[in-house]
Structure formats: structure tokens, C-alpha cells
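Residue-level listing of the chains:
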Amino acid sequence: MRFSLIDRIVAIEPGNTIQAVKNLSLAEEYLADHFPGFPVMPGVLMVESLVQSGAWLMRHTEDFQYSTILLKEARAVRFNNFVVPGKALHVECNVHKRDERTYTFKASGTVDGASTISARITLEQFNLAERNPELRSSDERRVRKLRELFDALWRPAPA
């Protein structure tokens with residue numbers, strides 16, 4: 001199962017910051033079990049929303065040079081509130097530090113202006129072909145699909 005935990009990118013400044021939104025719907029299947037009678041977004045999926053937002057910023061900043069971005073480290077993760085169906089998780093990731101392959105973000109999520117999650121996350125980017133040259137075509141397919149998805153998530157205001 002693929003979890004797309006960003007519904008819309010609302011602002012992006014390459015190399016610096018991204019703001020995104022995840023709308024939580026009761027139709028999301030995992031809510032039937034988490035928790036029966038009190039559906040809330042699992043904490044690990046809140047963290048994944050931060051990761052996916054940071055990854056979109058990295059891709060946009062690097063002009064989709066890398067096919068793969070993975071979570072390398074999550075530190076100082078704090079869960080402060082629940083995200084319930086019908087609410088929107090507003091995510092913001094700010095670049096704290098970056099080098100050639102990794103970005104470290106100060107990331108947070110809010111619902112109705114109240115903090116729900118905060119963390120410092122480090123993401124690493126690479127191409128599969130670096131480890132196995134036979135996977136170059138897979139990298140190309142992944143990048144093409146990621147560009148298409150980004151175009152659906154980010155619609156900048158007309159100039």
C-alpha cells in the first residue's frame with residue numbers, strides 16, 4: 001500500500017522551506033483500527049507527513065536529480081495533539097542544515113493553529129543506479145512519476 005500523506009503543497013521556497021497540507025478523511029482505511037471508537041492519525045504517519053514534505057522540498061531544490069529519498073534520522077519527536085478525521089494537518093519543514101546528500105529539517109505540524117507534532121528529521125537522497133547500474137531505467141521511471149505527482153501537488157499562483 002502506498003501512503004500519500006501530502007494532499008497539497010501550499011508554499012515552497014527551494015533550498016529553504018515548504019508548507020504542505022494533509023487532509024484527514026474518515027475514509028482512510030487505517031482509521032478503522034486506530035483506534036476503534038476514537039479514530040486518530042497514527043503518530044508514525046504524522047512523522048511520515050513531515051518526511052514526505054521535506055522530500056518534496058529536496059526534489060524541487062535539486063531539480064529531481066535523485067530518485068530516492070529516505071529517512072536517515074528522526075530526533076526530538078514530540079507528539080502534542082491528535083489529528084482527527086475532518087481536520088487538516090498543516091506541515092512546515094525548514095532546512096536547518098544540508099550537504100551534498102543529506103538535508104536536516106526542523107519540521108512541525110499543526111491543526112487549527114495548535115501544535116500536533118514537531119521533530120528534527122534528516123533525509124538522505126541517492127539514485128539506485130549508484131549501487132546497481134542496471135537500475136538506471138528504474139531511476140528514470142521513478143523521477144518521471146515523481147515529477148508528475150509534484151505537478152499535481154504544487155500549483156503556484158499565476159505571476
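For the structure itself, consult the block above.
Residues numbered from 1 in each chain as written. Predicted model: local features only at pLDDT ≥ 70, side-chain atom pairs only at ≥ 80, totals over all residues. Heavy atoms only, no water.

Side note on the overall build of the protein chain
- In terms of helices and strands, the protein chain carries two helices and six strands.
- Sequence-ordered secondary structure for the protein chain, helices as α and strands as β, is β-β-α-β-β-β-β-α.
- Against the 2.2 N^0.38 benchmark of 15 Å for 159 residues, the protein chain shows a C-alpha radius of gyration of 16 Å, consistent with a compact globule.
- If one aligns the C-alpha atoms of the protein chain with their principal axes, the spans along those axes are about 50 × 35 × 30 Å.
- For the protein chain, with 159 residues in total, the buried portion stands at 42%.
- Sequence separation of 24 or more characterises 66% of the internal contacts of the protein chain that already satisfy a separation of 6 or more.
- With the model as given, the accessible surface of the protein chain reaches about 9,000 Å², and the carbon-plus-sulfur share is 50%.
- When the 21 basic and 20 acidic side-chain charges of the protein chain are each reduced to a single mean position, those positions are 2 Å apart. (Helix = DSSP H or I, 4+ residues; strand = E, 2+ residues; numbered from the N terminus. Rg over C-alpha atoms; globule rule 2.2 N^0.38 Å. Buried < 20%, exposed > 50% of the residue type's maximum accessible area, 1.4 Å probe, protein only. Contact = heavy atoms within 4.5 Å. Areas by Shrake-Rupley, 256 points an atom, 1.4 Å probe, with all protein chains shown as cover. Lys, Arg positive; Asp, Glu negative; His and termini not counted. Charge placed at Lys NZ, Arg CZ, Asp CG, Glu CD.)

Quick look at the packing of aromatic side chains
- Per the counting criterion, the structure on display carries four aromatic pairs.
- Judged by centre distance (5.6 Å) and plane angle (70°), the rings of Phe64 and Phe150 are edge-to-face. Pair noted here: Phe64 is in the loop between helix 1 (43–61) and strand 3 (68–79) and Phe150 is in helix 2 (residues 136–153), with a separation of 86 residues, a long-range link. Both residues of the pair, Phe64 and Phe150, count as buried.
- Centroid distance Tyr103 to Phe105: 5.9 Å. Interplanar angle 20°. Geometry classified as stacked. Grouping residues by exposure puts Tyr103 and Phe105 together as buried.
- The ring of Trp56 has Arg59 lying over it, and the distance from NZ or CZ to the ring centre is 4.6 Å.
- Geometry around Phe126 places Arg131 over its ring, the cationic atom sitting 4.0 Å from the centre. (Phe/Tyr/Trp six-rings, centres within 6.5 Å; stacked < 30°, edge-to-face > 60°. Lys NZ or Arg CZ within 6 Å of the ring centre and 35° of its normal.)

Side note on the side chain of Thr104
- Residue position: Thr104 is located in strand 5 (residues 102–111).
- For Thr104, the contacting residues outside a window of four places in its chain are Asn94, Val95, His96, Lys97, Arg120, Ile121 and Thr122.

A few points about the nonpolar core
- Ile9, Met41, Trp56, Phe105, Ile121 and Leu123 are the most contacted members of the largest nonpolar core, which has 39 residues in total.
- Contributing elements (two or more residues each) for this core: strand 1 (8–13), strand 2 (17–23), helix 1, strand 4 (88–98), strand 5, strand 6 (114–126) and helix 2.
- Ignoring sequence-local partners within four residues, the contact set of Ile9 consists of Ile18, Gln19, Ala20, Trp56, Phe150, Leu153 and Trp154. (Core = buried A, V, L, I, M, F, W, Y, C linked by side-chain atoms within 4.5 Å.)

Digging into the environment of Ser137
- For Ser137, the location among the structural elements is in helix 2.
- A relative accessible area of 38% places Ser137 in the partly exposed class.
- In the structure, Ser137 is positioned 79 residues away from Met58 in sequence and 21 Å away in space, judged by C-alpha atoms.

A closer look at a nonpolar patch on the surface
- A contiguous nonpolar patch, built from Phe35, Phe38 and Phe82 and spanning about 320 Å² of accessible area, is present on the exposed surface.
- With respect to the element layout, Phe35 can be found in the loop between strand 2 and helix 1.
- For Phe35, a relative accessible area of 43% gives the class partly exposed. (Patch = residues over 30% accessible without salt bridge, like charges linked within 9 Å, V, L, I, M, F, W, Y side chains within 5 Å. Salt bridge = Lys/Arg side-chain N within 4 Å of Asp/Glu carboxyl O.)

Note that all results are geometric; they support no functional claim without further evidence.
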